[in-house]
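# Remarks on the overall topology
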Amino acid sequence: MNNDSIAVLFRWVLNHKYLFVTIAFVAIMVFFDKHNLIEHFKNQREIVSLKAENRELKEQLDELRYRSDELHKDVTIMEKVAREKYGMHKEGEEVFIVKD
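These numbers come from a predicted model, not from an experiment.

## Details of the overall build of the protein chain
For the protein chain, the count of helices and strands is four helices and zero strands. Its C-alpha atoms give the protein chain a radius of gyration of 34 Å, clearly above 13 Å, the size a compact globule of 100 residues would have. When the backbone C-alpha atoms are referred to their principal axes, the protein chain occupies close to 105 × 30 × 20 Å. Looking at the protein chain residue by residue over its 100 residues, the buried ones come to 3%. For the protein chain, the accessible surface area stands at approximately 9900 Å², while carbon and sulfur atoms represent 61% of it. If you average the places of the 16 positive and of the 18 negative side-chain charges in the protein chain, the two averages end up 10 Å apart.

## Focus: the pattern of salt bridges
In total, this model carries four salt bridges according to the counting rule given. The partner of Glu 39 in a salt bridge is Lys 42, and the shortest N-O contact between them spans 3.8 Å. Of this pair, Glu 39 and Lys 42 both sit in helix α3 (residues 37-73), three residues apart, which is roughly one turn of that helix. The exposure class of Glu 39 is partly exposed, given its relative accessible area of 33%. For Glu 79, the salt bridge is made with Lys 90, and the minimal N-O distance between the two is 3.8 Å. You can see Glu 79 sitting in helix α4 (residues 75-86) and its partner Lys 90 sitting in the segment after α4, a full 11 residues away along the chain. The exposure class assigned to Lys 90 is partly exposed, which follows from its relative accessible area of 43%.

## Things to note about the packing of helix α1 (residues 3-15) against helix α2 (residues 17-32)
In contact at an axis separation of 5 Å, α1 and α2 are set at 90° when each is read in the N-to-C sense. Classified by the angle their axes make, α1 and α2 are roughly perpendicular. Packed against α1, whose contacting residues are Trp 12, Val 13, Leu 14 and Asn 15, the element α2 presents Lys 17, Leu 19 and Phe 20 at the interface. Its residues assigned to classes, the contact of α1 with α2 comprises five nonpolar, one polar and one charged.

## Thoughts on α3
With 37 residues, α3 should cover 54 Å at 1.5 Å per step; its first-to-last C-alpha distance of 53 Å lies within 8% of that length. Where α3 begins, the capping side chain belongs to Asn 36, and its oxygen is found 3.1 Å from the backbone nitrogen of Ile 38.

## With respect to a nonpolar patch on the surface
Side chains of Leu 9, Trp 12, Leu 19, Phe 20, Val 21 and Ile 23 sit close together on the surface and give an oily, nonpolar patch of about 570 Å² of accessible area. Among the elements of the structure, α1 and α2 are those that each provide at least two residues to the nonpolar patch. Among the elements that make up the nonpolar patch, the one with the highest residue count is α2 (four residues). Counting through the fold element by element, Val 21 comes out in helix α2.

## Considerations on a negative patch on the surface
On the surface, Glu 53, Glu 56, Glu 59 and Asp 62 cluster together into a patch of negative charge. Here Glu 56 is to be found in helix α3.

Quick notes on the rules
- Residues numbered from 1 in each chain as written.
- Predicted model: local features only at pLDDT ≥ 70, side-chain atom pairs only at ≥ 80, totals over all residues.
- Heavy atoms only, no water.
- Helix = DSSP H or I, 4+ residues; strand = E, 2+ residues; numbered from the N terminus.
- Rg over C-alpha atoms; globule rule 2.2 N^0.38 Å.
- Buried < 20%, exposed > 50% of the residue type's maximum accessible area, 1.4 Å probe, protein only.
- Areas by Shrake-Rupley, 256 points an atom, 1.4 Å probe, with all protein chains shown as cover.
- Lys, Arg positive; Asp, Glu negative; His and termini not counted.
- Charge placed at Lys NZ, Arg CZ, Asp CG, Glu CD.
- Salt bridge = Lys/Arg side-chain N within 4 Å of Asp/Glu carboxyl O.
- Axes fitted to C-alpha atoms, helices over the stretch in contact; angles between N-to-C directions.
- Parallel < 35°, antiparallel > 145°, perpendicular 65-115°, else oblique.
- Contact = heavy atoms within 4.5 Å.
- Nonpolar A, V, L, I, M, F, W, Y, C, P; charged D, E, K, R; others polar.
- Expected span 1.5 Å × (residues − 1).
- Polar contact = N/O pair within 3.5 Å; in protein donor to acceptor, adjacent residues only side chain to side chain.
- Patch = residues over 30% accessible without salt bridge, like charges linked within 9 Å, V, L, I, M, F, W, Y side chains within 5 Å.

These values are about where atoms sit, not about what they do.
Next up, the structure:
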């Protein structure tokens, strides 16, 4: 750039200083600020994703609480789970494990 083009640019900036300041401010806010728009949109997507994950985990928790309540209400179900899943048995019982 030569001196004439720099002078023309400088005059344009002086004549349109409010527009120049507005454009500079928007550019700083969009790209360079700590809380820029790009980071804002990334954070919004993450929030949506985390809310969906939170909802799924709450549903799983509700299901597990329901199953736990059912186990504690009915002793026969608790015994069945203890026998089948954990291989437990009562005293004096013989356990036969059949593998497929």
